[in-house]
Amino acid sequence: MTILIPVLGDQLSPALASLRDIDRDRAVVLMMEVWDEATYVRHHQKKIALIFAAMRHFAEELRSDGWTVDYVTLDNTDNTHNFTGEVARAATRHAARAIRTVAGGEYRVRRMQDDWAARTGVPVEILEDDRFVCPLPDFYAWAQGRREQRMEYFYRDMRRRTGLLMTGDGKPAGGKWNYDQDNRQTPPRGLNYPAPARFAPDATTNAVLALVGARFGDHFGDLTPFALPVTRAQALVALDRFVATALPDFGRYQDAMIAGQDYLYHSSLSLCLNLGLLAPLEVCEAAVAAYERGDAPLNAVEGFVRQIIGWREYMRGMYWWEMPALGTANALDATRALPEFYWTGDTDLRCLAESVDQTKREAYAHHIQRLMVLGNFALLAGVDPQAVSDWFLVVYFDAYEWVEMPNVVGMSQFADGGAIASKPYVSSGAYIDRMSDYCGRCRYDVKQKTGEGACPFNALYWDFLARHERRFRGNARMRNIYATWDRFDAAKRADYRASAAAFLDTLVPAAPGWARHDA
Ligand code: FAD
Ligand code: DLZ
Ligand code: SF4
């Protein structure tokens, strides 16, 4: 009796639940490169290459490990180009008596899996994805009893659950749960920034690069140079490099943005974690081991661990908790089209031009660029959150809906009405100026508040707060901001609002079709 084991493109973990406790001689692993997945949004070219290259390497590793792998390539002439069609074909091809798979990470894919038994006539076992620290039922139990589901409290539970950075008597290491007040510094000039580990493409990856260039060459983003990790061995090298060279300063410079420094002290390990090449706990344990050796300070290691067992797990839980409503959420009734410069980078706002340019080259931008430049601008300008979400899903090498959507629709655009963020992440130019070196060489003057030549973030910020006054005035965390607004006289308020309106009028909407073929 043959058991068919479909392994999806972000399930590249040797310890995957569907690959455990099974007789390899009776199993066929199915992996599928399908057009529908590469184009349901028109992913960045580098992201498609990354996923296909990692999939092909993983298939080779499974074969060396004794598995039979049926790998359907994109140019296979019989390819139906969707998961369900390929599972059905393979079930027939191998006369499968059972199908065993791990739950897809995206709601859309999970619904497809529900269809497989009916489509194939073969029983389907769908296993929980246990590569996360917090199983979904546990997250739901945590979320259920609370009026608000805030990350900070969830994170403390995850620290207790994992024992990471905990003392023997159940207290947080160093006495505090969170060391963020030591972070948020701006790096001094002339630092020797670390570089993430990079890997020359081998023959397998080069074949993928040729395929992607030929078939997806009209998608957003630069395909080459390509030097991302595509195997678990390379991911482990990238992890070691990060721990040795960047982790010690990860905390204090976490919120900084420097033109030309794409990675600063960030790990760029999201791509390895989200593909399954690294497990979240092993990454955290490597960071904690550096702390215990005295190689990295507590504020850096705690901050890093919080991103993974805190934010990453929380976002995954909130995605499933809020879906499918999250997919259409628009609490602030934002309807503006995404500006064209998100795709072209052609804008005089230097912070945005730099962030888009790096996104185009690297398929990467770090958290503060995503939140406080790209997301902040879209929120202030009132861009439709689903259009913003599509953009983020296309452009980043770590973007899968389960992590992209709660970050964008929830945290960044406040479109879920505040389930994830307790207040909107908006700022004027002053924040960007404080945390970056972008403003110095910008055509706009960050200190000028309104009128021609003023930093557009300044007027947009007050215009946003005025537009949404009824919703946010009562928010305790925004009391001081509205107190400032109240001190402005009518003429000043009108000036801010007119300045914002004049700027918004200049925005050119993106042509349809950048993110979705059918748009
Ligand atoms: P580091 O700064 O080195 O952080 C370490 C790890 O922590 C990351 O690798 C990541 O796994 C995890 N992490 C940190 N913050 C978050 C978070 N908010 N949510 C989930 N995991 C987190 N992350 C994605 O993995 N995919 C996305 O599509 C994505 N879209 C985002 C969109 C917006 C608008 C925002 C504000 C954030 C988004 N994030 C996303 C979260 C975060 O920005 C990225 O995880 C991070 O920038 C990845 O780079 P890094 O590996 O260098 O992170
Ligand atoms: C993102 C992506 C792309 C571009 N291509 C494939 C593919 O051809 N085959 C595959 O198995 N997965 C792909 N993925 C990932 C899926 O779209 C999806 O994000 C995951 O299966 C999570 O549900
Ligand atoms: Fe961005 Fe304003 Fe600074 Fe220019 S001045 S880089 S638009 S924040």
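Residues numbered from 1 in each chain as written. Chains lettered and ligands numbered in written order. Predicted model: local features only at pLDDT ≥ 70, side-chain atom pairs only at ≥ 80, totals over all residues.

Caption draft 1: Just the domain arrangement of the chain, in detail. Partitioning the chain into domains gives domain 1 (2–127), domain 2 (136–196 + 232–322) and domain 3 (341–505). The distance between the C-alpha centroids of domain 1 and domain 2 comes to 30 Å. Counting from both sides, the interface comprises six residues of domain 1 and, opposite them, five residues of domain 2. (Domains from an automatic or database assignment. Contact = placed C-beta atoms within 7 Å.)

Caption draft 2: Main features of the nonpolar core. Within the largest apolar cluster, 157 residues are counted, with the highest numbers of intra-cluster contacts made by Ala54, Leu247, Ala287, Val301 and Val305. When sequence neighbours within four positions are dropped, the list of residues in contact with Ala54 reads Leu12, Val230, Leu275 and Leu277. (Core = buried A, V, L, I, M, F, W, Y, C linked by C-beta atoms within 7 Å. Buried ≥ 20, exposed ≤ 12 C-beta atoms within 10 Å, placed from the backbone.)

Caption draft 3: Structural view of the site of ligand 1. Inspection of the region around ligand 1 gives 28 residues, with His266, Ser267, Ser270, Gln307 and Glu404 positioned closest. Of all elements in the fold, only helix 10 (270–275), helix 12 (298–322), helix 15 (367–381) and helix 17 (401–412) reach the threshold of two or more residues within the shell around ligand 1. (Near = placed C-beta within 6 Å. Helix = DSSP H or I, 4+ residues; strand = E, 2+ residues; numbered from the N terminus.)

Caption draft 4: Molecular detail of the packing of helix 16 (residues 385–395) against helix 17. Put simply, helix 16 and helix 17 touch, their axes get as near as 9 Å, and they point 140° apart. One finds that helix 16 runs oblique with respect to helix 17. The two elements helix 16 and helix 17 meet at a crossing, and its hand is right-handed. The segment helix 16 lies against helix 17, with Pro385, Val388, Ser389, Phe392 and Leu393 engaging Glu401, Glu404, Met405, Val408 and Val409. A breakdown of the residues in the contact of helix 16 with helix 17 according to their chemical character gives seven nonpolar, one polar and two charged. (Axes fitted to C-alpha atoms, helices over the stretch in contact; angles between N-to-C directions. Parallel < 35°, antiparallel > 145°, perpendicular 65-115°, else oblique. Left-handed = near helix turned anticlockwise from the far one by under 90°. Nonpolar A, V, L, I, M, F, W, Y, C, P; charged D, E, K, R; others polar.)

Caption draft 5: View of the site of ligand 3. Neighbouring ligand 3 are 14 residues; Cys351, Gly429, Cys439, Cys442 and Cys455 lie closest to it. Listed by contribution, the elements that provide at least two residues to the shell around ligand 3 are helix 14 (350–362), helix 18 (429–435) and helix 19 (456–467). Of the residues forming the shell around ligand 3, the biggest block, three residues, is contributed by helix 18. When grouped by side-chain class, the residues that make up the shell around ligand 3 number eleven nonpolar, one polar and two charged.

Caption draft 6: Highlighting the packing of helix 19 against helix 22 (residues 490–505). At a minimum axis distance of 8 Å, the contact between helix 19 and helix 22 shows a crossing angle of 110°. As summarised for this structure, helix 19 and helix 22 are arranged roughly perpendicular, according to the angle between their axes. Crossing hand, helix 19 versus helix 22: left-handed. Contacts between helix 19 and helix 22 pair Pro456, Ala459, Leu460, Trp462, Asp463 and Ala466 from the former with Arg493, Tyr496, Arg497, Ser499, Ala500 and Phe503 from the latter. Partitioned by chemical class, the residues of the contact of helix 19 with helix 22 number eight nonpolar, one polar and three charged.

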